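Architecture and fold: a report
Here is how the chains run, residue by residue.
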Amino acid sequence: MNDERKIALETSKGCRHYAMCKIDSLNTGVCPSGRKNHFVSYYPQGLMDITAAFLEERIPVTPGLLHAAAECTMCGICDLQCHFVTGLRPLQAISFLKAELEELKKRGLEMEEPPEDSFLKELREITGERFSTSDPAHLIAYSNDPCPVSRETLPGYVTLPENTGQLAEVVKLCGRNGIPYSVRGNGSSVMGFVLSSGVVIDTARMRTMSFDTANRSVTVGAGISSMELQREARKLGFRVNAAEPSALYCANVMCSGIFSLFSSSLGTGLDNIIDAEFVKDDGEVTRLSRQNGPNPCAFQKGGAPAPGICSRAVVRLYPVCDSESAIAVPFGSMDEAVKYARELNRLGIGLGIGVLGTEYLGAFLAPTAKLGETLRKLFKHDLEINCMVLVLGNRFHLNAAAELAPFVLEQDMIRALTLGAASLAKCGISSVLHGLDGDEPAYAAMAEPGMITLVEAALEPSPESLAGEVEGDLREKYQELYAGNDITDIMWLNDFRIISSRMGRDGHVVAFILYVPLDDPSLAETVHERFALLAEENELRGDFGFLTPMNMGSMGVLEWDMYLDHTDPEQVQRGRRAMGEAGAMIEKLKELDPRILFIGSVFNQGFCRKESFLHHNALLIDE
Ligand SMILES: Cc1cc2nc3c(=O)[nH]c(=O)nc-3n(C[C@H](O)[C@H](O)[C@H](O)COP(=O)(O)OP(=O)(O)OC[C@H]3O[C@@H](n4cnc5c(N)ncnc54)[C@H](O)[C@@H]3O)c2cc1C
Ligand code: SF4
């Protein structure tokens, strides 16, 4: 295999499907071909699947394949976006695909027409000719994800309704013909949920967004991402409770209820929803606010089907205050960090709170995987940091949080450490802490008054020095990115979360999420230890991700992550085994404390009141 083909194949198969190329994550625009044509097959995410399938001769040359490749303008927007989170460069792969197709054309290309039938005809009557297809090139882009337990499933059709009426007609048509369907947002849940052998209904065209600031609400269509929603809300002086920027907002509520650091004050699930419209399985349109509509209190611990496809939701807006910022509070032990975070939440301090592990700290701060790994070690071993508690809030929150904290790193120190990360990795922490040895842990010195001056003198933090870590041709773009204030502003980064998918940069991330009681903070550590053992037994890299206290410190949402190369069959096998064993392990954890709840129980029930799942053991049962 020649080098170009090898790179194209490795890159295209390496796509994590986190959909960060489907949003304007870096303020550099969005794939023009994707925005114009809407199917995922026109975005780099889908083009990667198409490229891999074409190079492995798994799809024929069809009009869909030629069109998807031709519509790419080679603008390069995706190259920076994808490199920023995964280190991959999709442009090389797309360029190779285009060149191969040109070569085929010269040699007299044989093209296969996609199958057409009466069902496709009826779909097209609903959505318009362009927006329903059975072309294998488009279908392949909807057929898989990197999760170890997902099985490639080629749908028969993909359809993109534009509004609730069309969506309801599609659902009725599937029902009349006995054809199964799945609904897909941006496909970044990466657990096989959006795959179907029948029809994939992609909500990408349902792009309505209408603000009603007098009623502190925004009505958001199923095709709007959290990034777009947050950006528009911020222009009006508000924020929404959002998590992953590439997740479509309605999909995220349905899937997980949306949890983030802001869940400590803004909650999750129905806390942020005023009303929502659903298309039920029989095509009937209903809404939460109807007397006989879906009942958000009816949480089923054993799981429940979705109340329907959420076509739009009315979402709460929260005012943003001028003095909002963040502090970071380092801890040598997880136990102490959890106690501190719980106490803040119990006292109602902070807009957002998160206990972060060193895995996240390294991955989030560094623009490359290599630097991330060095920082991870440096935080853990040299600075003796086990966990860092991030507190987001206005100046009153932050003053109170600082008063209760043993040591505090202010926003300017975090910016200096981010922009000085490359020097820190090169020179080591002793260059900064020189002469400050004492009985306190090393991180304590970082919180000394006036330390920022020493750090700045030793590390000479700058966008140039950080960008120097990145491959030559992208260096200038990184420099421009890091010259802006947003990207080192912890509050902004939590509102927009453009760096959180960097957690999957070293390999696809399999996230295990649990709601855990916090009255005994050592339970969180026990959960961490059990997962660490499970990862070790399955020879997978993994670590504690984050914990956010909720509900006045009574519960926390805890994420533990395992990482694997989803293109390596052996690692996939181990990942599958670990996921299977995790189920049994979580059952054992529930024997320790039956209040523990695995996020899988909330799947499809994200529109529930959080009280009904956080206090699931207190629900009344039929006598
Ligand atoms: C790196 C990473 C980090 C993440 N971190 C977080 C986090 O911190 N907090 C959090 O809450 N989530 C997190 N997630 C999970 C992810 O954001 C959610 O799964 C979200 O739903 C993905 O949005 P999507 O549009 O890609 O949904 P999809 O993957 O397209 O769909 C998710 C599910 O919702 C269903 N669905 C889609 N649209 C609709 C609709 N309109 N009506 C009804 N059902 C629908 C799908 O059938 C599927 O079951 C993370 C995921 C990744 C990859
Ligand atoms: S290079 Fe092609 S695929 Fe990438 S953003 Fe531009 S048009 Fe989209």
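Small disclaimer: the values here were computed from a predicted structure and weren't measured.

Each helix and strand counted, the protein chain has 27 helices and 19 strands in total. Taking 25 Å as the expected radius of gyration for a compact globule of 623 residues, we find that the protein chain reaches 24 Å, a close match to that expectation. The principal-axis extent of the C-alpha atoms belonging to the protein chain is close to 75 × 70 × 50 Å.

Where interface size is quoted, it is often the accessible area lost as the parts come together. Structurally, the protein chain comprises domain 1 (3-106) and domain 2 (209-319). On a C-alpha basis, the centroid separation for the pair domain 1 and domain 2 is 31 Å. Taken together, the contact pairs seven residues of domain 1 with five residues of domain 2. When the residues that make up the side of domain 1 that touches domain 2 are grouped by side-chain class, the tally is four nonpolar, one polar and two charged.

Residues in close proximity to ligand 1 total 36 residues, the closest being G185, S189, F193, A247 and A251. Those elements giving two or more residues to the shell around ligand 1 turn out to be β3 (181-184), α11 (249-256) and β10 (309-316). No other element matches α11, which puts six residues into the shell around ligand 1. Here the residues of the shell around ligand 1 are counted per class, giving 21 nonpolar, 13 polar and two charged.

Taken together, the neighbourhood of ligand 2 is formed by 15 residues, with C31, C72, C75, I77 and C78 sitting nearest. Broken down by secondary-structure element, the contributors of at least two residues to the shell around ligand 2 are α2 (32-37), α3 (44-55), α5 (77-86) and α6 (90-106). Here the shell around ligand 2 gets three residues from one element, more than from any other, and that element is α2.

Below, the discussion takes up the sheet that holds strand β9 (residues 285-287). Spatially, the five strands line up as an open sheet ordered β5-β6-β10-β8-β9, and their pairing is antiparallel. One side of each edge strand has no neighbouring strand; the edge strands of this open sheet are β5 (209-212) and β9. Averaged over neighbouring strand pairs, the angle between their axes works out to 15 degrees when direction is ignored. For strand β6 (residues 217-221) and β10, the ladder comprises five bridges, and the chain directions are antiparallel. Each residue of the ladder has a partner; that of T219, found in β10, is V314. Its contacts with the sheet place α11 against β6, β8 (273-279) and β10, and it is angled at close to 95 degrees to β10.

Let us now look at helix α26 (residues 569-592). In a regular helix each residue adds 1.5 Å, so 24 residues correspond to 34 Å; α26 covers 35 Å between its end C-alpha atoms and thus fits that length. Those residues of α26 that sit buried are Q571, G575, A578 and A582. Elements in contact with the buried residues of α26: β16 (508-517), α25 (522-537) and β18 (555-564).

In this section: the environment of L139. Looking at where L139 falls in the secondary structure, it is placed in helix α8 (residues 136-140). The spatial distance from the C-alpha of L139 to the C-alpha of D49 is 9.9 Å, given a sequence separation of 90 residues. Excluding anything up to four places from it in sequence, L139 contacts S134, L154, P155 and V158.

Relative to each other, helix α7 (residues 118-127) and helix α9 (residues 164-177) sit at 165 degrees, their axes nearing to 9 Å. What the angle tells us is that α7 and α9 run roughly antiparallel. Pair α7 / α9 crosses with right-handed handedness. In contact with F119, E122, L123, I126 and T127 of α7, α9 contributes Q166, E169, V170, L173 and N177. When grouped by side-chain class, the residues that make up the contact of α7 with α9 number five nonpolar, three polar and two charged.

Our next topic: the nonpolar core. Y249, C250, V389, L390, V391 and A421 are the most contacted members of the largest nonpolar core, which totals 199 residues. Summarising the domain contributions, this core has at least three residues from each of domain 1 (3-106) and domain 2 (209-319).

The rules behind each value
Residues numbered from 1 in each chain as written. Chains lettered and ligands numbered in written order. Predicted model: local features only at pLDDT ≥ 70, side-chain atom pairs only at ≥ 80, totals over all residues. Helix = DSSP H or I, 4+ residues; strand = E, 2+ residues; numbered from the N terminus. Rg over C-alpha atoms; globule rule 2.2 N^0.38 Å. Domains from an automatic or database assignment. Contact = placed C-beta atoms within 7 Å. Nonpolar A, V, L, I, M, F, W, Y, C, P; charged D, E, K, R; others polar. Near = placed C-beta within 6 Å. Pairing = 2+ DSSP bridges. Axes fitted to C-alpha atoms, helices over the stretch in contact; angles between N-to-C directions. Expected span 1.5 Å × (residues − 1). Buried ≥ 20, exposed ≤ 12 C-beta atoms within 10 Å, placed from the backbone. Parallel < 35°, antiparallel > 145°, perpendicular 65-115°, else oblique. Left-handed = near helix turned anticlockwise from the far one by under 90°. Core = buried A, V, L, I, M, F, W, Y, C linked by C-beta atoms within 7 Å.

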